[in-house]
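Structural description and commentary
Chain residues, written in single-letter form:
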Amino acid sequence: MIITVDGPSGAGKGTLCQLLAKHTGFALLDSGALYRLTALAALRKGVDLSCEEQVANIALGLEIHFKPTEEGVQVWLAGQDVSRQIREEHIGMAASKVAALTPVRTALLIRQRAFAVDGQGLIADGRDMGTVVFKEAKVKLFLTASAQERARRRIAQLEQAKLQVDPEQILRDIQERDKRDTERKTSPLIPADDAILLDSTSMDINAVFEQALSAVQAQQAIVKA
Ligand code: C5P
């Protein structure tokens, strides 16, 4: 059983997927982390992010490890815990650049599919989980929210972490990432034809979780019938 959750940055997919994974006991694939790790590894090696071949080689050779802990999943790159580093704003932006390169997407495909283990459920979080990576998934969710609301949430997170915030820049970055994710030629961000759309603009995470859960249960009932 695979549940895919796609949608733009900041719509709440990460939190929703963690709640769904906890509720169902399914494994979790954070595919965005793979693009972030590729970007971080490329930046560390001083590779030009637009060089398809070199970045794809980095994606193929990534030495990574996901370690579940009480606080969430730790992400390790080449023996180092980079969980916090990969969440930085500039890494997200770099990830969206490398994610637009077709050979990089191809290089990460097998790694992502390997998360689906026979007999074990999977919650797959990303942009193209329901359209490309797990096209055969029986339950597909597409979680979105307005760019303004997503920027507002991001600003609140940064302020809580006592980090410097330029609100207009945050909104511009979100819009730039949306544009790159939706307009790229390979695996653009679009809902799968059979996806259930959820808009979290005026819902808190509990309401989103409840709606997602009912959508999953309704879909499971249809599949079983
Ligand atoms: O979800 P997250 O913000 O961690 O993803 C970082 C970037 O990786 C996104 O902006 C997107 O460009 C890219 N991505 C993607 N396909 C996925 C997951 C993430 O293109 N399945």
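Residues numbered from 1 in each chain as written. Predicted model: local features only at pLDDT ≥ 70, side-chain atom pairs only at ≥ 80, totals over all residues. Heavy atoms only, no water.

**Here we look at the pairing of strand β4 (residues 72–77)**
Relative to β4, strand β3 (residues 64–69) is paired through 6 bridges, and the arrangement is antiparallel. For His 65, the partnering residue across the bridge sits in β4 and is Trp 76. Here β3 folds back onto β4, and the loop between the two strands holds 2 residues. Alignment of β4 against strand β5 (residues 80–81), held across 2 bridges, turns out to be antiparallel. Bridging from a neighbouring strand, Trp 76 pairs with Asp 81 of β5. (Pairing = 2+ DSSP bridges. Helix = DSSP H or I, 4+ residues; strand = E, 2+ residues; numbered from the N terminus.)

**A short note on the sheet that holds strand β1 (residues 2–6)**
Where strands meet in a sheet, backbone hydrogen bonds hold them as pairs that are either parallel or antiparallel. Strand order in the open sheet formed by 5 strands is β2-β6-β1-β7-β8, with parallel pairing between adjacent strands. If you trace the sheet from one side to the other, it starts and ends with β2 (27–30) and β8 (196–199), each paired once. Neighbour-to-neighbour, the strand axes of this sheet turn through a mean angle of 20 degrees, independent of strand direction. (Axes fitted to C-alpha atoms, helices over the stretch in contact; angles between N-to-C directions.)

**Section: the pattern of salt bridges**
In total, this model carries 11 salt bridges according to the counting rule given. The shortest N-O distance in the salt bridge between Asp 181 and Arg 127 comes to 3.2 Å. One end of the pair, Asp 181, is in helix α8 (residues 167–183); the other, Arg 127, is in the loop between β6 (122–126) and α6 (129–133), and 54 residues separate them in sequence. Residue classification places Asp 181 among the buried residues on the basis of a relative accessible area of 4%. On the basis of relative accessibility, which here comes to 16%, the residue Arg 127 falls in the buried class. Measuring nitrogen to oxygen at the nearest pair gives 3.0 Å for the salt bridge that ties Lys 179 to Glu 183. You can see Lys 179 and its partner Glu 183 sitting in helix α8, 4 residues apart, about one turn around the helix. Overall, the relative accessible area of 49% leaves Lys 179 in the partly exposed class. We classify Glu 183 as exposed; its relative accessible area is 55%. A network of salt bridges, in which partner residues are shared, links Arg 127, Asp 181 and Arg 184. (Salt bridge = Lys/Arg side-chain N within 4 Å of Asp/Glu carboxyl O. Buried < 20%, exposed > 50% of the residue type's maximum accessible area, 1.4 Å probe, protein only.)

**Details of the site of the ligand**
Taken together, 17 residues lie around the ligand, and Arg 36, Arg 105, Arg 127, Asp 181 and Arg 184 are the ones closest in. At 2.6 Å from an oxygen atom of the ligand is found a side-chain nitrogen or oxygen belonging to Arg 36. Considering the ligand on its own, with 460 Å² of exposed area, one finds that the protein chains cover 95% of that surface. Elements with a contribution of two residues or more to the shell around the ligand: α2 (31–44), α4 (89–98) and α8. Residue contributions to the shell around the ligand peak at 4 residues, all from α2. (Near = heavy atom within 4 Å. Polar contact = N/O pair within 3.5 Å; in protein donor to acceptor, adjacent residues only side chain to side chain. Areas by Shrake-Rupley, 256 points an atom, 1.4 Å probe, with all protein chains shown as cover.)

**Some thoughts on the packing of aromatic side chains**
Under the criterion given, the structure shown has 1 aromatic pair. With 5.9 Å between their ring centres and 75 degrees between their planes, Phe 66 and Phe 115 make a pair best called edge-to-face. In this pair, Phe 66 is assigned in strand β3 and Phe 115 in the loop between α5 (102–113) and β6, connecting sequence segments 49 residues apart. (Phe/Tyr/Trp six-rings, centres within 6.5 Å; stacked < 30°, edge-to-face > 60°.)

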